[in-house]
Amino acid sequence: MSARAWLARLSPLIGLAGVFLFFLIAVWSRTGRNIFATPGNLQTIALQSAIVGMAALGMTMIILSGGIDLSIGSTVALTSVVAACLMKLRGWPAFPAACGAILAGGLCGLLNGVLVTRLQVVPFIITLGTLLILRGAAKGLADEQTVIPAASALDSLLDVGSVLPSGVWMLAMLAVGVALVLRHTRFGLHLHAVGSNEAAARLCGVPITRTKIQVYTIGGVFGGLAGLLQYSRLAMGDPTAAPGLELDVITAVVIGGGSLAGGEGSVLGSLVGALFMTTIRNGCSQMGWPNYRTEIVAGVIIILAVAVDRWRHRRGL
Amino acid sequence: MTAGLRLEMTGVRKRFGATVALDGVDLAVAPGECHALVGQNGAGKSTLMKVLSGAHTPDEGALRLDGAPYAPRDPLEGRRRGIAMIYQELSLAPHLSVEENIVLGVEPARFGWLDRKEIRRRATESLALLQHEEIAPDAAVSRLPMARQQIVEIARALAIGCRVLVLDEPTSSIPQHDAERLFALLDRLLGRGISIVYISHFIEECKRVADRYTVLRDGRTVGGGAMADATPAQIVDLMVGQKVGQLYPRSTRTPGEVLLSVEGVELRRGEVLGIAGLIGAGRTELLRRIFGLDGVGPAPAARWRQGIGFVSEDRKNEGLALGLSIADNLMLSKLDPIVLPSRQASASRRWIDALAVKCASPFQRIGDLSGGNQQKIALARLLHHDVDVLLLDEPTRGIDVGSKAQIYQRIDDLVSKQNKAVLLVSSYTPELLGTCDRIAVMVRGKLGPARPVGEVDEHSLLFEATGEAAA
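Residues numbered from 1 in each chain as written. Chains lettered and ligands numbered in written order. Predicted model: local features only at pLDDT ≥ 70, side-chain atom pairs only at ≥ 80, totals over all residues.

**As for the overall build of chain A**
And step 1. What chain A contains, in helices and strands, is 12 helices and 0 strands.
And step 2. Taken against the 2.2 N^0.38 rule, which gives 20 Å for 317 residues, the C-alpha radius of gyration of chain A at 20 Å falls within 12% of a compact globule.
And step 3. Referenced to the eigenvectors of the C-alpha coordinate spread, the extents of chain A come out at roughly 55 × 55 × 35 Å.
And step 4. Across chain A, the fraction of contacts at a sequence separation of at least 24, relative to all contacts at a separation of at least 6, is 77%. (Helix = DSSP H or I, 4+ residues; strand = E, 2+ residues; numbered from the N terminus. Rg over C-alpha atoms; globule rule 2.2 N^0.38 Å. Contact = placed C-beta atoms within 7 Å.)

Shown next, in the form of structure tokens:
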């Protein structure tokens, strides 16, 4: 790979470093000491990134194939409620309950995939619909309340262990897995092809329908995993959790080089994108800024980051 | 059934609602034969090829492939049976590498894991077969020039073992020297026994590559035979159905004052100034700069107000809004504040009649018209706006002879009768010589002096365009 291609691949990382440095200096000069780049705060950033990062793994594959899943936030809320209900109401132990939640996530994704391919309606609309449907289902299942089971092993997914909590390690391993699948499997090649030129892929005999159903289902499974992390963070199932999470997830993928037109996107980029978003939020709160200002800053930085990326793309740099 | 034929189509009929697209077409191609399929736009060539590829099922008629009945349900089955189509708009996945495109759909894999070595081997093999080893198998397709992308598509067709290769206007978007390489490559494929159906508007090109030809007109086969026995004039006569009159009309023109003087271009009232040059010489960019596209100089809206209009070479993406109606496209540069359908209809009828545009109504979607009729509307937009300066970029690319003749006639009227000025970029030298008063040649971004058309000919233009004259 040429130096230029490497630079292109590393550019999200450079952006992340820039944002990091900015807050390091800004927080330091404001408070007079380094409270930003401390092991404790870095750990917090990693934890906060884990939920978005996990969901972004699935979203990367979906966006790569030219699709989108707006229902991911609702999927996360629903699966965290499913895990909680299975433990509290059915008395299931932690592990089977976790499996149940992941399965529920997969079913949500399957629903999206089947609707997108059978009804021939664009995924934006389909998943806008399932965003409401799944959120409603979560609230109905939880009876519009938070579901709080007894303490279990699931609570500790995002607890700080020796270096990083198990949920973060899980995310890292799955990220490597997804990257390998995208690069080295027939399924991965088909995802790229469908997103890049669906008509050409169909002509070449790529099973379009099956590929799409599979990718939405996998996206749902990652939604389920993110739901477990969400559960673990609060130690309860909250049907109103993760509002607007889909926007953070999609933004993470796009900042990481994903193209909403399909055909582009990378696992590393999306994870960096997730860290990028969390770093901004974390940095703003370290600055002691009020919430409204954080939101405005985050919005501005998203637009800047993507605009710079597209500009770089056009220039062929 | 005739023994030894690769492809045989007999009595093919296809209708869409009330429109008869194909009304009894016969086509026979032998192994290792290159067969030119010619005809004006709307003659039924594309429909026939869609029947062949499996995109359309014929209402009547029989297809045979190497003697066996052939009735594909969809393009995928057609492809599996060995029919490969190379359309003008290439069907490659731009984000994938060359080798990934070549093996797409037939990837060698073990338990779903790609066998990268085997992929590389197959891609290298088919590229070597085409003698195009200079294309790197791991290059991203989107970074390759059009001519190379075309080679990748042919390599993909070979990798799945195609028996019939259909090429639709393959030279329309590639430079001349690449076209020569393509012809040499086609010769090699023919030598391997692959049959080729070659569709082109350029009769000279068909004569260069094809052994036999078939002419379609109004959905029927109206003639055919050995290429060597036919003159281009005879073939054009068959396509048109009558003798083409004077293709390039030229009335008395009296150039007046200078209307436009920018970027080294000096354009007078009542003249057609042509710009010749190779593809990539910067002619399109020059027109775009003059018109203020691509963010330099005044905006296009200001240019329209100054009475300058532009017809883009890229009809589908830039020239027209294919989803809108004829009337909307026609009046887009000069819309009334309140759009009244009655006024739209009367204004468009005027141009539809004047340019003999074949359409159902002014409110028909323009994307449903043939290329020639679309192009007439693109030109009519400038006429409706009543601009003084017309910037035309490849105004007759990919359209049929009949529409071309009407466009030439209109250009002549504009400069001789209405005292307008036309700046014409074209890659087709006879067209430049036929329509222009003065011709300038552009070489690597530099525009040469404009010479009266009497002082240049095809040879001298090509000589200058390839940069030989300067030396």
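**With respect to the nonpolar core**
And step 1. In terms of nonpolar packing, the biggest core is built from 157 residues, with A55 and A83 of chain A together with L165 and Y198 of chain B touching the most fellow members.
And step 2. For this core, the element with the highest residue contribution is helix α2 (residues 39-64) of chain A, accounting for 14 residues.
And step 3. Here A83 of chain A is in contact with A97, A98, G100, A101, L154, G227, L228, Y231 and G237 of chain A, once residues within four sequence places are set aside.
And step 4. The next biggest cluster of nonpolar side chains, apart from the first, holds 57 residues, and it includes A378, I407, V415 and I439 of chain B. (Core = buried A, V, L, I, M, F, W, Y, C linked by C-beta atoms within 7 Å. Buried ≥ 20, exposed ≤ 12 C-beta atoms within 10 Å, placed from the backbone.)

**Details of the environment of G61 of chain B**
And step 1. Mapping G61 of chain B onto the fold places it in strand β4 (residues 60-65).
And step 2. In this view, G61 of chain B contacts M9, T10, G11, V12 and R13 of chain B; residues no more than four positions away in its chain are not counted.

**Brief notes about the interface of chain A and chain B**
And step 1. Counting from both sides, the interface comprises 18 residues of chain A and, opposite them, 17 residues of chain B.
And step 2. Listed by contribution, the elements that provide at least two residues to the side of chain A that touches chain B are α7 (186-196) and α8 (198-203) of chain A.
And step 3. If you tally residues by element for the side of chain A that touches chain B, the top one is α7 of chain A, at 6 residues.
And step 4. Partitioning the side of chain A that touches chain B into residue classes produces 9 nonpolar, 7 polar and 2 charged. (Nonpolar A, V, L, I, M, F, W, Y, C, P; charged D, E, K, R; others polar.)

**Here's the deal with the domain arrangement of chain B**
Residues and elements named next belong to chain B.
And step 1. As far as domains go, chain B holds domain 1 (7-240) and domain 2 (258-465).
And step 2. Taking the mean C-alpha position of each, domain 1 and domain 2 sit 31 Å from one another.
And step 3. Each partner contributes to the interface: domain 1 provides 11 residues, whereas domain 2 provides 12 residues.
And step 4. A per-element tally of the side of domain 1 that touches domain 2 places helix α8 (residues 232-240) first, with 3 residues.
And step 5. A breakdown of the residues in the side of domain 1 that touches domain 2 according to their chemical character gives 4 nonpolar, 6 polar and 1 charged. (Domains from an automatic or database assignment.)

**A few points about helix α5 (residues 123-141) of chain A**
Residues and elements named next belong to chain A.
And step 1. In this model, α5 (19 residues) spans 25 Å end to end at C-alpha, consistent with the 27 Å of a helix rising 1.5 Å per residue.
And step 2. Taken together, the buried positions of α5 are P123, I126, T127, T130, L134, R135, A137 and A138. Buried residues of α5, seen end-on, are gathered within an arc of 160° and therefore sit on one face of the element. Away from its buried face by more than 90 degrees, α5 exposes L132 and G140.
And step 3. Contacts made by the buried residues of α5 are with α3 (72-88) and α4 (94-119).
And step 4. Just downstream of α5 lies D143, where phi reads positive at about 60°. (Expected span 1.5 Å × (residues − 1). Arc of directions from axis to C-beta.)

**Considerations on the packing of α7 of chain A against helix α9 (residues 208-234) of chain A**
Residues and elements named next belong to chain A.
And step 1. Interaxial distance between α7 and α9 falls to 10 Å at its minimum, and their mutual angle equals 105°. With respect to α9, the axis of α7 lies roughly perpendicular. Facing F187, H190, L191 and V194 of α7, the residues of α9 in contact are I208, T211, Q214 and V215.
And step 2. Here the residues of the contact of α7 with α9 sort into 5 nonpolar, 3 polar and no charged. (Axes fitted to C-alpha atoms, helices over the stretch in contact; angles between N-to-C directions. Parallel < 35°, antiparallel > 145°, perpendicular 65-115°, else oblique.)

**Focus: the sheet that holds strand β10 (residues 195-199) of chain B**
Residue and element names in this part refer to chain B.
And step 1. The 6 strands are arranged β6-β9-β10-β3-β11-β12 in an open sheet whose pairing can be described as mixed. Pairing within the sheet leaves two strands with one partner each, and these edge strands are β6 (83-86) and β12 (220-226). Going from strand to strand, the sheet's axes swing by 20° on average, the running direction of each strand aside.
And step 2. Looking at chain direction, strand β11 (residues 212-217) and β12 are connected through 6 bridges and run antiparallel. Considered in β12, the bridge of T214 is made with G224.
And step 3. Packed onto the sheet, helix α1 (residues 45-53) meets β3 (34-38), β6, β9 (164-168), β10 and β11 and runs at close to 145° relative to β6.
And step 4. Taken strand by strand, α8 contacts β3, β11 and β12, and its axis lies near 30° from that of β11. (Pairing = 2+ DSSP bridges.)

**Some details on the pairing of strand β13 (residues 258-262) of chain B**
Residues and elements named next belong to chain B.
And step 1. Sheet analysis places β13 next to strand β14 (residues 265-268), joined by 4 bridges and oriented antiparallel. Within β14, the residue paired with S261 across the bridge is E266.
And step 2. Following β13, the chain reverses through 2 residues before pairing antiparallel with β14; E263 in that reversal takes a positive phi of roughly 50°.

**A few points about the environment of P243 of chain A**
Residue and element names in this part refer to chain A.
And step 1. As for its position among the elements, P243 is in the loop between α9 and α10 (245-255).
And step 2. With 11 C-beta atoms packed within 10 Å, P243 lands in the exposed category.
And step 3. Spatially, the C-alpha atoms of P243 and I72 are 10.0 Å apart, while their sequence positions differ by 171 residues.

**Focus on the packing of α2 of chain A against helix α6 (residues 166-184) of chain A**
All names here are of chain A.
And step 1. The geometry of α2 relative to α6 is characterised by a closest axis approach of 10 Å and an angle of 25° between their N-to-C directions. Comparing the axis directions of α2 and α6 gives the class roughly parallel. As α2 packs across α6, the resulting crossing turns out to be left-handed. Contact with α2, carried on its side by A46, A50, G53, M54, L57 and M61, involves G167, V168, L171, L174, A175 and V178 of α6 and no other residues of that element. (Left-handed = near helix turned anticlockwise from the far one by under 90°.)

**Focus on the pairing of β3 of chain B**
Looking along a regular strand, one sees the side chains alternate between the two faces of the sheet.
All names here are of chain B.
And step 1. Along β3, 5 of the 5 residues are buried, which leaves the element largely enclosed by surrounding structure.
And step 2. Of the two faces of β3, both are covered, the one formed by C34, A36 and V38 as well as the one formed by H35 and L37.
And step 3. Where β3 lies against β10, 4 bridges are found, and the strand directions are parallel. Bridge pairing in β10 places C34 opposite I196.

**Some words on α2 of chain A**
And step 1. Along α2 of chain A, the largest kink reaches about 40° and is centred on A50 of chain A.
And step 2. Following α2 of chain A by one or two positions, G66 of chain A has its phi on the positive side, about 85°. (Bend = angle between axes of the 7 residues up to and from the residue.)

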